[in-house]
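So you can see what is in the structure, the chains are spelled out below.
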Amino acid sequence: MFALINISYLTAAVCFILGIKGMTRPSTAVRGNLIAATGMLIAVVAALLHHAVISYAGIIAGMLLGAAIGIWLARSTETTAMPELVASLNGIGGGASLSVAASTWLNAIAAGETPTAGWSIAILASILIGAVTLTGSIVAVLKLKGRLGDSSRKRLWQFATATSLAAVVVAGVLFIAQGAVSPLILGALVALALLLGVGLVQPIGGADMPVVVALLNAYSGLAGAATGFVLENQGLIITGSLVGASGLILTAVMCKAMNRSLPNVLFGGAFGGQADDGPAQNEDEFYAGKVKYATADDLAMMLDGARNVLLVPGYGLAVAQAQHSVKELASELEGRGAAVNYAIHPVAGRMPGHMNVLLAEAEIPYDQLKDMDTINPEMPQADVAIVLGANDVVNPAASEEPSSPIYGMPILEVHRAKTVVVVKRSLSAGFAGIPNGLFTRDNSLMVKGDAKAVVQDTTRAIKEL
Amino acid sequence: MEMFVLSFTIFVLALFVGVELINKVPPTLHTPLMSGTNAISGIVVVGAIISAGSGGMDPTLASILGFIAVTLATINIVAGFLVTDRMLNMFKRKDS
């Protein structure tokens with residue numbers, strides 16, 4: 001029976017690998033997801049057959065409750081709120097690993113076992129990573145929702161983080177060295193690690209949340225792998241490290257797209273200092289008399305003659321929920337014989353691939369979504385590039401002004417298009433807190449307003465032409 | 001200790017498999033990839049089931065933690081797979 005159960009876990013792990021392999025192409029991804037779900041079913045059935053399981057009431061109750069909440073979450077979440085959902089699920093996964101490790105340890109102590117050092121380390125890793133993921137994700141979700149601003153007392157948080165980290169190290173060493181310690185030390189460790197999670201994420205700016213969410217995704221996987229060491233379950237170890245690798249790669253992709261190192265994102269707050277020196281006044285001077293404004297009607301006239309139109313979505317598109325209006329405009333333009341493409345910057349939106357999901361929801365074909373490296377060389381051929389709620393990712397200062405704090409960050413070079421139209425609610429700075437020279441260029445026009453309203457007005461105006 | 005070395009070997013090898021595999025996932029699918037990996041990290045449910053089910057009828061702190069773990073892991077699994085399926089179907093229908 002033991003061998004059969006372990007082979008089932010291995011089968012589940014293989015299903016997960018095949019499932020992720022399916023995700024390498026949009027056409028096979030749905031099937032891949034189903035294969036992974038089948039693997040999960042196999043693993044759950046195998047676990048239920050485990051000889052240690054003697055009562056099913058708690059299991060069934062937990063599964064029913066969890067399934068109800070899960071279905072509700074999956075059904076009710078808007079595609080614009082996917083970053084919050086993924087961040088929440090990271091935290092929930094961390095919480096699950098934390099609970100499993102604590103519960104397993106309590107059972108072992110109650111049974112009078114003396115844990116080995118290796119096993120204690122696994123318990124410790126599972127509890128620490130799980131707890132940090134749990135509270136770190138809660139802070140990340142609150143920041144994504146805008147309920148929690150960026151801290152003005154960074155130093156205080158850094159001090160609290162350093163103190164709790166030191167305390168965790170001391171308590172951790174004690175925990176490993178002593179073997180069978182009192183549950184009080186375990187409780188203290190959990191509390192300290194929960195505090196540490198808050199302290200690590202709280203000082204990081206809201207703009208850097210995509211990196212944090214990807215990193216917490218990795219943590220939730222590594223917490224699962226650590227739980228695998230606790231339970232000596234290789235299927236869990238394989239799965240946890242797959243998830244860990246996925247999160248780490250996405251973290252690296254996001255950091256590269258912002259031209260920043262991971263330590264810089266986590267501990268630097270490099271943009272923080274720049275935003276403090278009175279940006280409002282600087283902006284007035286910076287933009288004074290140089291920005292040309294246009295209306296939706298002007299934009300419609302311009303698009304009427306355009307053969308090659310490029311749409312550049314940013315977080316403003318998600319906020320305005322403008323994806324369906326954008327699709328409507330694109331269909332109208334395509335009906336008039338224009339080629340419409342979408343340029344997607346890797347950090348557009350609040351998580352990797354966020355824009356792609358929004359546009360897919362509006363049934364925009366994914367072969368029209370171009371990544372940065374593909375579209376930049378084609379930029380001069382674009383008659384009109386429309387920037388919808390993006391800012392820093394199209395700021396030419398990143399490639400032209402070595403003194404700029406974002407210098408070196410790869411951008412979408414929309415300033416090289418024949419005409420750039422920026423749809424934006426105001427001239428206010430983006431996440432980086434710096435003015436954008438694009439708005440003052442000769443080939444640049446600004447249409448002030450909400451992305452959705454402007455796009456709808458433009459579509460209406462084109463139809464009337 | 002031998003068990004630990006064996007497990008650690010598997011851990012490192014699986015990390016390499018993961019890196020190779022995930023590097024091939026296109027940026028378009030990165031959001032569903034994240035929610036999909038959320039779902040499979042719900043595999044800790046196997047540990048949670050054993051924790052929740054091994055206590056007998058008297059609720060102990062360990063079995064209560066086990067119940068919490070089963071609930072949390074099930075949320076991860078159900079919400080993760082369902083929302084990934086929902087998103088991927090948005091991508092898929094463009095093929096036809």
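Residues numbered from 1 in each chain as written. Chains lettered and ligands numbered in written order. Predicted model: local features only at pLDDT ≥ 70, side-chain atom pairs only at ≥ 80, totals over all residues. Heavy atoms only, no water.

An unreviewed UniProt entry annotates chain B as proton-translocating NAD(P)(+) transhydrogenase of Tamilnaduibacter salinus. UniProt, in the comment section headed Subcellular location (unreviewed entry), describes chain B in these words: "Cell inner membrane". Quoted verbatim from the Function (unreviewed entry) heading of the UniProt record, the comment on chain B is "The transhydrogenation between NADH and NADP is coupled to respiration and ATP hydrolysis and functions as a proton pump across the membrane." (UniProt positions renumbered as here; feature names shortened; annotations may be inferred.)

Labelled according to an unreviewed UniProt entry, chain A appears under the name NAD(P) transhydrogenase subunit beta, originating from Tamilnaduibacter salinus. Quoted verbatim from the Subcellular location (unreviewed entry) heading of the UniProt record, the comment on chain A is "Cell inner membrane". As its UniProt record puts it under Catalytic activity (unreviewed entry), chain A is described as follows: "NAD(+) + NADPH + H(+)(in) = NADH + NADP(+) + H(+)(out)".

Colleague: Before we go on, may I ask you to explain the overall build of chain A in this structure?
Modeller: When helices and strands are counted, chain A shows 19 helices and 6 strands. Expected size for 465 residues packed as a compact globule is a radius of gyration near 23 Å; at 25 Å, chain A falls within 12% of this value. Seen along its three principal axes, the alpha-carbon backbone of chain A occupies a region of about 80 × 50 × 35 Å. With 465 residues in all, chain A has 55% of them scored as buried. Long-range contacts, defined here as pairs at least 24 residues apart, represent 79% of the contacts in chain A between residues at least 6 apart. (Helix = DSSP H or I, 4+ residues; strand = E, 2+ residues; numbered from the N terminus. Rg over C-alpha atoms; globule rule 2.2 N^0.38 Å. Buried < 20%, exposed > 50% of the residue type's maximum accessible area, 1.4 Å probe, protein only. Contact = heavy atoms within 4.5 Å.)

Colleague: Got a minute to help me understand the side chain of Thr74 of chain B in this structure?
Modeller: Of note, Thr74 of chain B is situated in helix α4 (residues 61-92). The exposure class assigned to Thr74 of chain B is buried, which follows from its relative accessible area of 8%. Those residues in contact with Thr74 of chain B, other than ones at most four positions away along the chain, are Gly62, Met63, Gly66 and Ala67 of chain A together with Val45 and Ala79 of chain B.

Colleague: In this structure, what is going on with the domain arrangement of chain A? I would like to understand it.
Modeller: Interfaces are often sized by the amount of accessible area the parts lose when they come together. Residues and elements named next belong to chain A. When cut into domains, chain A gives domain 1 (77-267) and domain 2 (283-464). Contacts between the two partners involve 16 residues from domain 1, matched on the other side by 20 residues from domain 2. For the pair domain 1 and domain 2, the summed buried area comes to about 1500 Å², and 71% of that belongs to carbon and sulfur atoms. If you look at where domain 1 meets domain 2, you find 0 salt bridges. For the pair domain 1 and domain 2, the number of links is 5 residue pairs in polar contact (both at pLDDT 80 or more). (Domains from an automatic or database assignment. Buried area = accessible area lost by both parts, 1.4 Å probe. Salt bridge = Lys/Arg side-chain N within 4 Å of Asp/Glu carboxyl O. Polar contact = N/O pair within 3.5 Å; in protein donor to acceptor, adjacent residues only side chain to side chain.)

Colleague: Just checking my understanding: could you explain helix α6 (residues 154-178) of chain A for this structure?
Modeller: Owing to its 3.6 residues per turn, the α-helix aligns residues three or four sequence positions apart on the same side. With 25 residues, α6 of chain A should reach 36 Å at 1.5 Å per residue; the first-to-last C-alpha distance of 36 Å fits that figure. Within α6 of chain A the residues assigned to the buried category are Thr161, Ser164, Val168, Ala171, Gly172 and Phe175 of chain A. (Expected span 1.5 Å × (residues − 1).)

Colleague: Honestly, the interface of chain B and chain A in this entry has me stumped. Any pointers?
Modeller: In this complex, chain B contributes 81 residues to the contact, which on the side of chain A involves 95 residues. Each partner contributes to the roughly 7700 Å² buried at the junction of chain B and chain A, and carbon and sulfur atoms together form 78% of this total. Counting across the chain B and chain A interface gives 0 salt bridges. Inspection of the chain B/chain A interface yields 14 residue pairs in polar contact (both at pLDDT 80 or more). Looking at the side of chain B that touches chain A, the elements that each hand over two or more residues are α1 (2-22), α2 (30-41), α3 (45-53) and α4 of chain B. It is α4 of chain B that provides the largest number of residues to the side of chain B that touches chain A, a total of 30 residues. Tallied by class, residues from the side of chain B that touches chain A come to 50 nonpolar, 24 polar and 7 charged. (Nonpolar A, V, L, I, M, F, W, Y, C, P; charged D, E, K, R; others polar.)

Colleague: Would you explain the packing of aromatic side chains in this entry?
Modeller: For any pair of aromatic rings, geometry is given as the distance between the ring centres together with the angle between the planes. Counted according to the given criterion, the structure contains 6 aromatic pairs over all chains. Ring centres of Phe229 of chain A and Phe4 of chain B lie 5.6 Å apart, and the angle between their planes is 45°; on these two criteria the pair is classed as tilted. Taken together, the residues span two chains, with Phe229 of chain A in helix α8 (residues 209-231) and Phe4 of chain B in helix α1. Here Phe229 of chain A falls in the buried class, since its relative accessible area comes to 14%. With 6.1 Å between their ring centres and 25° between their planes, Phe4 of chain B and Phe8 of chain B make a pair best called stacked. Taken together, the positions of Phe4 of chain B and Phe8 of chain B, both in helix α1 and 4 residues apart, correspond to about one turn of that helix. The class for Phe4 of chain B is partly exposed, based on a relative accessible area of 33%. Three or more aromatic residues link up through ring pairs in this structure, and these residues are Phe229 of chain A together with Phe4, Phe8 and Phe11 of chain B. A cation over a ring is seen here: Arg350 of chain A above Tyr315 of chain A, with NZ or CZ 4.1 Å from the ring centre. (Phe/Tyr/Trp six-rings, centres within 6.5 Å; stacked < 30°, edge-to-face > 60°. Lys NZ or Arg CZ within 6 Å of the ring centre and 35° of its normal.)

Colleague: Can you walk me through the environment of Lys92 of chain B in this structure?
Modeller: Structurally, the position occupied by Lys92 of chain B is in helix α4. Spatially, the C-alpha atoms of Lys92 of chain B and Leu6 of chain B are 40 Å apart, while their sequence positions differ by 86 residues. The contacts of Lys92 of chain B, once residues within four sequence positions are left out, are Ser27 and Val30 of chain A.

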